[in-house]
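Chain and residue survey
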Amino acid sequence: EVQVVQSGVEVKKPGESVKISCKGSGYTFTSYWIGWVRQMPGKGLEWMGIIYPGDSDTRYSPSFQGQVTISADKSISTAYLQWSSLKASDTAIYHCARWGDGYKAFDYWGQGTLVTVSS
Amino acid sequence: QSALTQPASVSGSPGQSITISCTGTSSDVGGYNYVSWYQRHPGKAPNLIIYDVSKRPSGVSIRFSGSKSGDTASLTISWLQAEDEADYYCSSYTTSSSFGVFGGGTKLTVL
């Protein structure tokens, strides 16, 4: 059974760093892109970026380029989203999702990780 | 890169049909047959209901259908049911560096 499981809630202060994770199981992790999607409070879904764990090819949405870093450790089937210096405006739920094979859509989603940034 | 354009809200009564539009450009919706639609209930992760413009994943009701004309894609939900009340998002593959883009989302209210 394909599963995408994310790490838990993070509560941070402005300026702090954080790295959240997304573990894939039940499929060949290195053969599927994994994407990250932001949902700010009361707002819609925003495409942040996507990584191919097989060779770490990474693409960022222009809005997020330079603001976050997407990475993957294929040895433990885990993708990451990290910030070096959080802002209050980074408060959101962050979803990771698997990009389907043979069709261009996210077919399996993680449960979401809430990141709250507050002083 | 701009988000795809969706109406903020639509509504319908049980048994009726509704259609949600999703307008992009020739760089995304109009350029590829890679439009997908997601349903998101409050507090839940999004769920894929349509991919490749008009295909349904296994287990998705046949009441959901998709189409595309030019730069605009559409999601139609037939025979509305109370459980269809949710937010719906379109997405498209894009030539931009990001790979993909979402629409702003449409809130469906079943009256």
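Note that this is a predicted model, so its numbers are computed, not measured.

Of the regular secondary structure elements, chain A holds 0 helices and 11 strands. When its helices and strands are written in sequence order, chain A yields β-β-β-β-β-β-β-β-β-β-β. For chain A, the C-alpha radius of gyration of 14 Å lies close to 14 Å, the compact-globule estimate for 119 residues. Once the C-alpha set of chain A is aligned to its principal axes, its extents read approximately 40 × 30 × 25 Å. Buried positions account for 49% of the 119 residues belonging to chain A. Element-wise, carbon and sulfur atoms account for 46% of the exposed surface of chain A, whose accessible area totals about 5300 Å². Of note, chain A has its 11 positive side-chain charges centred 4 Å away from the centre of its 10 negative side-chain charges.

We now examine the packing of aromatic side chains. Applying the stated criterion to the full structure yields 18 aromatic pairs over all chains. Ring centres 5.7 Å apart and planes at 45° place the aromatic pair tryptophan 47 of chain A and phenylalanine 102 of chain B in the tilted group. Here tryptophan 47 of chain A is found in strand E5 (residues 45-52), whereas its partner phenylalanine 102 of chain B is found in strand E8 (residues 100-102) on a different chain. A relative accessible area of 4% places tryptophan 47 of chain A in the buried class. Ring geometry for tyrosine 32 of chain B and tyrosine 93 of chain B: centres 5.0 Å apart, planes at 90°, overall edge-to-face. Placement of tyrosine 32 of chain B in the loop between strand E2 (18-23) and strand E3 (35-40) and of tyrosine 93 of chain B in strand E7 (residues 86-93) is noted, with a sequence separation of 61 residues between them. Ring pairing ties together the aromatic residues Trp33, Trp47, Tyr52, Trp99, Phe106 and Trp109 of chain A together with Tyr32, Tyr34, Tyr38, Tyr93, Phe99 and Phe102 of chain B, which thus form one cluster. The aromatic ring of tyrosine 27 of chain A is capped on one face by arginine 98 of chain A, whose charged end is 4.7 Å from the ring centroid. In this arrangement the basic side chain of lysine 104 of chain A is found over the ring face of tyrosine 34 of chain B, its NZ or CZ atom lying 4.8 Å from the centre.

Let us look at the interface of chain B and chain A. A common way to express how large an interface is: the accessible area buried when the components associate. Contact with chain B, which involves 21 residues of that partner, is made by 23 residues of chain A. On the chain B side of the contact with chain A, Pro46, Phe99 and Phe102 of chain B bury the most area, a combined 33% of that side's loss. Connecting chain B to chain A are 0 salt bridges. Counting across the interface, chain B meets chain A through 1 residue pair in polar contact (both at pLDDT 80 or more). Residue assignment for the side of chain B that touches chain A shows that the elements contributing at least two residues are E3, E7 and E8 of chain B. Split into classes, the residues belonging to the side of chain B that touches chain A amount to 11 nonpolar, 8 polar and 2 charged.

In this section: the side chain of aspartate 84 of chain B. Residues and elements named next belong to chain B. Along the chain, aspartate 84 turns up in the loop between strand E6 (72-77) and E7. A distance of 2.8 Å separates the side chain of aspartate 84 from the backbone nitrogen of glutamine 81, its partner in a polar contact. Other than its neighbours up to four places away in sequence, aspartate 84 contacts Gln39, Arg63, Phe64, Ile77, Trp79, Leu108 and Val110.

What counts, and where the lines are drawn
Numbers given to residues run from 1 along each chain, matching the order in which its sequence is written. Each chain takes a letter, starting from A, and each ligand takes a number, starting from 1, following the order in which they are written. In keeping with the model being predicted, local features are shown solely for residues with a pLDDT of at least 70 and side-chain atom pairs are shown and tallied solely at 80 or more, while totals for entire chains, interfaces and linings include all residues. Where side-chain values are given, they derive from all heavy atoms of the structure, hydrogens and water being excluded. Secondary structure elements follow DSSP: runs of H or I of four or more residues count as helices, runs of E of two or more count as strands, with numbering from the N terminus. Each radius of gyration is computed over the set of C-alpha atoms, and the globule rule expresses the reference value as 2.2 Å times the number of residues to the power 0.38. Classification of residues uses two cut-offs on accessible area relative to the type maximum, computed with a 1.4 Å probe and protein chains only: under 20% is buried, over 50% is exposed, and between them is partly exposed. Using a 1.4 Å probe, accessible areas were evaluated by the Shrake-Rupley method; residue-level cover was limited to the displayed protein chains. Positive charges come from Lys and Arg, negative ones from Asp and Glu, while His and the chain ends are left out of the count. A single reference atom marks each charge: NZ on Lys, CZ on Arg, CG on Asp, CD on Glu. The aromatic pairing rule takes the rings of Phe, Tyr and Trp, using the six-membered ring of Trp, and pairs them if the centres are within 6.5 Å, calling planes under 30 degrees apart stacked, those over 60 edge-to-face and the rest tilted. A ring is scored as having a charge over it whenever the NZ atom of a lysine or the CZ atom of an arginine sits within 6 Å of its centre and within 35 degrees of its normal. It only takes one pair of heavy atoms within 4.5 Å for two residues to be counted as in contact. We define buried area as the total accessible area lost by two parts upon association, computed with a 1.4 Å probe and summed across both. Salt-bridge detection follows one rule: a side-chain nitrogen of Lys or Arg within 4 Å of a carboxyl oxygen of Asp or Glu. Two N or O atoms count as a polar contact when they lie within 3.5 Å, although within protein this holds only if one can serve as hydrogen donor and the other as acceptor, and sequence-adjacent residues are included solely when both atoms are side-chain atoms. As a working rule, the residues Ala, Val, Leu, Ile, Met, Phe, Trp, Tyr, Cys and Pro are called nonpolar, Asp, Glu, Lys and Arg charged, and the rest polar, with Gly in that last group.

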